[in-house]
Structure formats: C-alpha cells, structure tokens
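Chains, contacts and geometry: an overview
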Amino acid sequence: MSTKGTYYITTPIYYPSSNLHIGHTYCTVMADAMARFKRLSGYDVRFLTGTDEHGQKIQTLAEAKGVSPQAYVDEVVDGIKKLWATMEISYDDFIRTTEPRHVERVQKIFMKMYENGDIYKGEYEGLYCTPCESFWTESQLVNGCCPDCGRPVTPAKEEAYFFRLSKYADKLLELFDKNPDFLQPESRRNEMISFIKQGLDDLCISRSTFDWGIPVPIDEKHVIYVWLDALTNYITALGYPDEPELYEKYWPADVHLVGKEIVRFHSIIWPAMLMSAGLPLPKKVLGHGWLLLGGEKVSKSKAAKGADVVDPVVLIERYGVDALKYFLLREYTFGQDGVFTNEVMLKRMNYDLANDLGNLVSRTVSMIEKYNGGVVPEAKTNDEIDDDLKAIAVGAAAKVEEQMDKFAFNMALEEIWIVVRRANKYIDEKAPWVLAKDPEKKPELDTVLKNLAETIRIISILIYPFMHTTSKEIRKQMGLWYSDVVWEDAFEFEMMYGEQVKKGPAIFPRLDIEKELEELAEIGKKAAGGAASGEPESIPLELKPEIEYDDFDKIDFRVGIIEKAEKHPKADKLLVFQVKMGTERRQVISGVAEDFSPEEMVGKKVIVVANLKPRQLRGMESKGMLLFADNGKRCEIVTTTAPDGEVVS
C-alpha cells in the first residue's frame, strides 16, 4: 500500500525505424530501476514508455520495403515489446502514437493551443533533416550538417502551421531561473539557457509534403509535425483531456528521462506547449549521456557494423538480464557519456558479480550447510568486528536512498557493494573454517554464520530494484522464499530465525574473459554479415532523394586554389575563403571552422561547385561551395592536383 504519494516517470518514446540497441536499453533500464525502487520504498508509481511512429522517415522506409507505414511500425514495435519483456521492464503503460486514444487527444490539444492564439498558418523555408524530423537554420548547422545527428540536410519550402514558441522565451528563462533543478545535469541547463538567449524562432508544427501523421483538425491537407505529436504522449497516455482520472492523479510527471540529444525538445518546446495549453509543467527533465562505441554514439547504424556486440538480446542470452542491467547501471555516471566495450562489461560482471556477490552467497550457504546442518543459527557472541559489519549493513539503505534521489545509480550500487565487500572481508577476518576446528568456538562460529546470513538478507533487499531476479534467487538459497521483499527490513539486522538454507547453482558463474571476447567478436562479425558470406553485408546508406542524370549534369565543378582564409566575423563555425579559379577570384564560405584553421587551408587545391546560386551567410556573400567528406568525426577537404580553373567531370 502506497504511503508516500505518487511518482510518474517516463522514458522517451522510441522511434521504430529499426530494432533497438544497447543505448536505448540503457535509458529504459535506468527508468525501470527507479520505478522499482520507488515502488519498493512506498510510492504509487506510474512508469510510461512507448513508440513515436509518425513522420517522413517512417513513410520512406515503408515505401522502400513495399509495405504500409502501419505494417512497418507494427513489426518493429512488436520486436521492441518483446525486448522489454525479455529485459523484464516493469512499465505500466506502453503508448503508441498511432493508437486512436493518442491521435484524438493530440488533435484536441492542437485545438486548445490554436484557440489560445498560439498556432498560425504560414510558409516554412529552411534546411530539413529527415532522420531527426527537424528544421535548422544555416547558423545552427555543424559543418553544414544537422547539429543533432551529423547527417546532411536538404532545403525545404512548404506551407505549414507554426507554434508561437518565441512568445514563451521570457517565461522559459524564468522557469530555469526559479527552478534550477528543472533540468539536470547543470551543463544541459546552461546549454538551454544559452540557446534561448540566442533567440527562439516560432516552431513549424505541421507538414504537407507527406501524409503519414495525425491530420491537423482544421486543415486535413496537413499532418501534425512530429514534436507536437510525440511530446504530448506524456499526457495523452494519462487520458488527457477526455478521460482525466489518471492525468489528475499522476500529472505533473516527476521525471522525464531522456537522452541528451533531445533535451532541447523536452526542456524548451514541451514546457512552452504546456504553457500555451495552460497545463502544469513536469517537475524535472533529466538528460543522460550517450554510450560510446569506438568513440562514437551507439546508433542503429553502428549496431549493424559488428564491432562490439550491442544487441541486448544476444548479451542477455549469454549472461542473463540482471548481469546486463547491473553493468549498465554500475559502470556509467548519469549525465556523462560512457564508453561501451565487451571487455569492460565482462570484467565488471566477473569482478563485482561473480567474485564479490556470487562468491559471498556461495561461501555463506556452503558454510551454514557444512557447519550447522543448513540452519541459520542464533548469534551468541559479539565483538567490534561484528558491530562494524552490522553498522555498515543497516546503514546502507539510507545511503542508497540518498544516491537514488540524485539518479546516481552507480553510486547507489557502490553503497551496496561496500556492504558486499565488507562481508567478504568479515569472512577472512573471522576465518570460520578455523573456528569450526575447535568445539569451544562453536558459539562464535554461529555468530559469524548468523551475521553473514543477515547481511546477505539486507543485500537481497538493496539490490532488488536493480536485479530483482537475482534478489529472489538469493532469498531462495537463504531460506527466505516465504517472505516478501520489504524495503524497511533493510534497516533492521536481527530478522532471521532458523531459516533452512539450500545451495543452488552459482548465481553468477565466473567467466573466461578471453574466450568470451573471442566468441563475442565472432558473433559481431556474423551480425555484420562478414562470417556468414566472407564479405561484409551491404547496408544501404541513408541518401537524399534520387536525382536524374540531367540534374547532375547541371552542376559545374571547377578546380580552385585557396589564396586566403579567415574566420567569419559574426559566426564561429564559418570560414571565409578567397578562391582563385583560373582567371576568376571569388569568395566562398563554409561551415568548417571547428575542423580546420584558416592557416592550414591556404594553398589547398579544392573542388568548387562553381554555378551554385550566391547566398548571404551572416551578412557576407558566398558564391559557390567547396566539397568536403564527412567521416563521422570531422570533415575532410576534397583536394586535387589538377590546374586551377579546370573543369572536373
């Protein structure tokens, strides 16, 4: 029975363009651990996850596969639900943006914002990133690409409905000022404040060039654009506005848990939309870091390339759900990026789970069976070492609570492992195998066995939010199968009276790390198609729309030599080049200042798109474009040895 009130936690709703990888798993495991912890410690919890299923990218993928968008997302979402079932994720609701309950409520929210004067019709012209479903201005691009995902953008112009986001800039700054804990970590908060102060543009919230989306209720030529559709899931899943019982009980959300790449949408756009609709704001937005693979964010494309195994299903099949959950929560500091490798994972599993926890349980159960017929004895003696163990064991729960309140999962687990390591040290200090040789030492031996049993009982409670299956197995071996896990019991030491222990299989068998790494490498190769065919699988690139040969023939490529380069006086990301092409000299501006210094560019022979229409970039004219290649980490300039002015074909 809840005694501490309600607690509403959400994950982002995931985009079902393909199967999820370990990066998505990381976020959901954190949310699940917090939901389980809050339930265990007395809260009425509502835990929401789901999928964001509309948009141009989904429609394009479905068309390429020859199926309807709905059929495409149904198949992917089925896989996502199976993954969460495999991982024993304890969500209370799974919202899909294609569900009628969501569609109808989004339209009602649109109308409420429209009637409040915050939505108007206009025309959008900008640079569009299809994978991110986002429009950008030239100044927001990084190396000429989308600042969120690094992919190319394409010019887009169409009629659209807009949300007056600019109207709420001052209120958003006030929100960050008066509620410094609204967005964490602090580095994200500072980024968002800076973003707002640069000036907010009104937000495009409809599209008319594709139809896979929720129709705008006042104009069915348009579909509601992804962020108004997606973000409102947090309240439509609670029944707002037509069935508000759950909404009135759980809203505002206690925590929106999101990846750092979508913090801006959740901490600027979403609060502004709620302000427009006259609704309470969420209490907190937490932006977690990325898992990095080879120095880059784990992504669906990275997952397809083999390298380290990032398919959570494969890892679960080999090591179990709880081992994977423990690793994800223990290894990484919330809010910071962390490097994922199979070796780091295996070492953490071996050292913490097999050597520390598994060994503690195994040794204790074996000794109780060997020295006391499998029955937990009574403590009959006491000394300073016993008192130290007891104090550390019963003091851990309060420390775990303190760390969980800060979403410091790794530190919460460290507090638990302080108890685990102290119990292992206690065994070495007391040497029960020596005590067992002297019949007169039986009372002291019984005390050691009882204290170890009580300590493991407490550990089984503390780890429950993170590894509930392991917790249950430990309790079964300790003869505690009859009792429920109760958080308050972790604050008490003397609670076991004659339980019958029974040794089971090793909770976490020790791994041969070298062998495991070899086998995982082979699995990674097969996943990428290398081992099965002898050749890497051909994975289609994400390309812009196809063009005709006649279109390509219109482009005039010329060789140019950079005679002068300097930084743009009004834009940190732009470099201004003076380029000589045969008899002509002209100015070309490129967004590559983060990758190149002006000095290193002078003298390079480059390829210029010479017949590109001139454009103004932060007050300076650019006549043409230089060719660069993006390797995922930085841009590389395309150079040549041909004479300047020569036509490139």
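Residues numbered from 1 in each chain as written. Predicted model: local features only at pLDDT ≥ 70, side-chain atom pairs only at ≥ 80, totals over all residues. Heavy atoms only, no water.

Counted according to the given criterion, the structure contains 23 aromatic pairs. Considering the side-chain rings of Tyr-8 and Tyr-250, the 6.4 Å spacing of their centres and the 50 degrees angle between planes classify their relative orientation as tilted. One end of the pair, Tyr-8, is in strand E1 (residues 6-14); the other, Tyr-250, is in helix H9 (residues 245-250), with 242 residues separating them in the sequence. A residue is classified by how much of its surface remains accessible, and Tyr-250, at 5% relative accessible area, is buried. Seen from their ring centres, Tyr-8 and Trp-251 are 6.3 Å apart, and the 70 degrees between their planes marks the pair as edge-to-face. Of this pair, Tyr-8 sits in strand E1 while Trp-251 sits in the loop between H9 and strand E12 (255-259); the two residues are 243 residues apart in sequence, bridging distant segments of the chain. (Phe/Tyr/Trp six-rings, centres within 6.5 Å; stacked < 30°, edge-to-face > 60°. Helix = DSSP H or I, 4+ residues; strand = E, 2+ residues; numbered from the N terminus. Buried < 20%, exposed > 50% of the residue type's maximum accessible area, 1.4 Å probe, protein only.)

Once that is clear, we can look at the pattern of salt bridges. Within this structure, the stated rule accounts for 45 salt bridges. One salt bridge connects Asp-32 with Arg-36, and the closest N-O pair in it is separated by 3.0 Å. Of this pair, Asp-32 and Arg-36 both sit in helix H1 (residues 22-40), four residues apart, which is roughly one turn of that helix. The class of Asp-32 is buried, set by a relative accessible area of 1%. Owing to a relative accessible area of 11%, Arg-36 belongs among the buried residues under this scheme. If you follow the salt bridges from partner to partner, you end up with Arg-46, Asp-93, Glu-99 and Arg-101 in one network. (Salt bridge = Lys/Arg side-chain N within 4 Å of Asp/Glu carboxyl O.)

Attention shifts here to helix H13 (residues 321-331). Among the 11 residues of H13, 10 are classified as buried, and the element is accordingly described as predominantly covered. If you check which residues of H13 are buried, you get Val-321, Asp-322, Ala-323, Leu-324, Lys-325, Tyr-326, Phe-327, Leu-328, Leu-329 and Arg-330.

In a beta sheet, neighbouring strands are held together by backbone hydrogen bonds and run either parallel or antiparallel to one another. Reading across from one edge, E9-E11-E10 is the order of the three strands in this open sheet, with antiparallel pairing throughout. The open sheet has two free edges, formed respectively by strand E9 (206-207) and strand E10 (215-216), since each of these has just one partner strand. Bridging between E9 and strand E11 (residues 219-224) involves two bridges; their strand directions are antiparallel. Across the sheet, Ser-206 pairs through a bridge with Ile-224, a residue of E11. (Pairing = 2+ DSSP bridges.)

For the rest of this paragraph, the subject is the sheet that holds E12. Strand order across the open sheet formed by six strands is E3-E2-E1-E12-E13-E7, with parallel pairing between neighbours. Of all the strands in the sheet, just strand E3 (93-96) and strand E7 (183-184) have a single pairing partner and so form its edges. Where E12 lies against strand E13 (residues 285-288), four bridges are found, and the strand directions are parallel. Within E13, the residue paired with His-256 across the bridge is Val-285.

Confidence in the prediction of the protein chain, expressed as mean pLDDT, is 89, and 92% of residues score 70 or more. This stretch, residues 300-306, has a pLDDT under 50; its non-local contacts, to residues over four places away or in other chains, come to 18 contacts. (pLDDT = per-residue confidence, 0-100. Contact = heavy atoms within 4.5 Å.)

Take the environment of Tyr-464 next. Looking at where Tyr-464 falls in the secondary structure, it is placed in the loop between helix H18 (442-462) and helix H19 (468-477). Its relative accessible area of 17% is what places Tyr-464 among the buried residues. Taking the C-alpha atoms as reference points, Tyr-464 and Phe-37, 427 residues apart in sequence, are found 7.8 Å from one another. Here Tyr-464 is in contact with Arg-36, Leu-40, Ser-471, Lys-472 and Val-485, once residues within four sequence places are set aside.

Where empty space is left becomes clear once a probe the size of a water molecule has been rolled over the atoms. Applying the stated criterion across every chain, the model contains two cavities of 30 Å³ or more. Estimated volume of the largest cavity: approximately 50 Å³. Lining the largest cavity we find 10 residues, and of these Gly-55, Phe-210, Ile-224, Tyr-225 and Val-226 sit closest to its centre. Split by residue class, the lining of the largest cavity holds five nonpolar, three polar and two charged. Volume-wise, the second largest cavity comes out at about 30 Å³. What lines the second largest cavity is Glu-138, Leu-141, Asn-143, Gly-144, Lys-573, Leu-574 and Gly-591. Within the lining of the second largest cavity, the residues separate by chemical class into two nonpolar, three polar and two charged. (1 Å grid on protein atoms, 1.4 Å probe; cavity = no way out; pocket = protein on both sides within 12 Å on 5 of 7 lines; lining within 4 Å. Points joined across faces, edges and corners; volume = space filled by probe spheres on them. Nonpolar A, V, L, I, M, F, W, Y, C, P; charged D, E, K, R; others polar.)

Between helix H14 (residues 342-372) and H18, the least distance of the axes is 10 Å, while the angle of their chain directions is 140 degrees. Seen from above, H14 lies across H18 with left-handed handedness. On H18, the residues touching Leu-357, Leu-360, Val-361, Thr-364, Met-367, Ile-368, Tyr-371 and Asn-372 of H14 are Lys-442, Leu-445, Asp-446, Leu-449, Leu-452, Ala-453, Ile-456 and Ile-459. Of the residues assigned to the contact of H14 with H18, the class counts are 12 nonpolar, two polar and two charged. (Axes fitted to C-alpha atoms, helices over the stretch in contact; angles between N-to-C directions. Left-handed = near helix turned anticlockwise from the far one by under 90°.)

What follows covers the nonpolar core. Counting residues in each nonpolar core, the largest one holds 107 residues, and the members touching the most others are Met-345, Leu-357, Phe-407, Phe-409, Trp-417 and Phe-466. Take this core: its biggest share by element is 12 residues, from H14. The contact partners of Met-345, leaving out residues within four places of it in the chain, are Leu-315, Tyr-319, Leu-324, Phe-327, Phe-340 and Leu-520. Counting residues in each nonpolar core, the second largest holds 64 residues, with Phe-182, Trp-227, Ala-237 and Ala-253 among its members. (Core = buried A, V, L, I, M, F, W, Y, C linked by side-chain atoms within 4.5 Å.)

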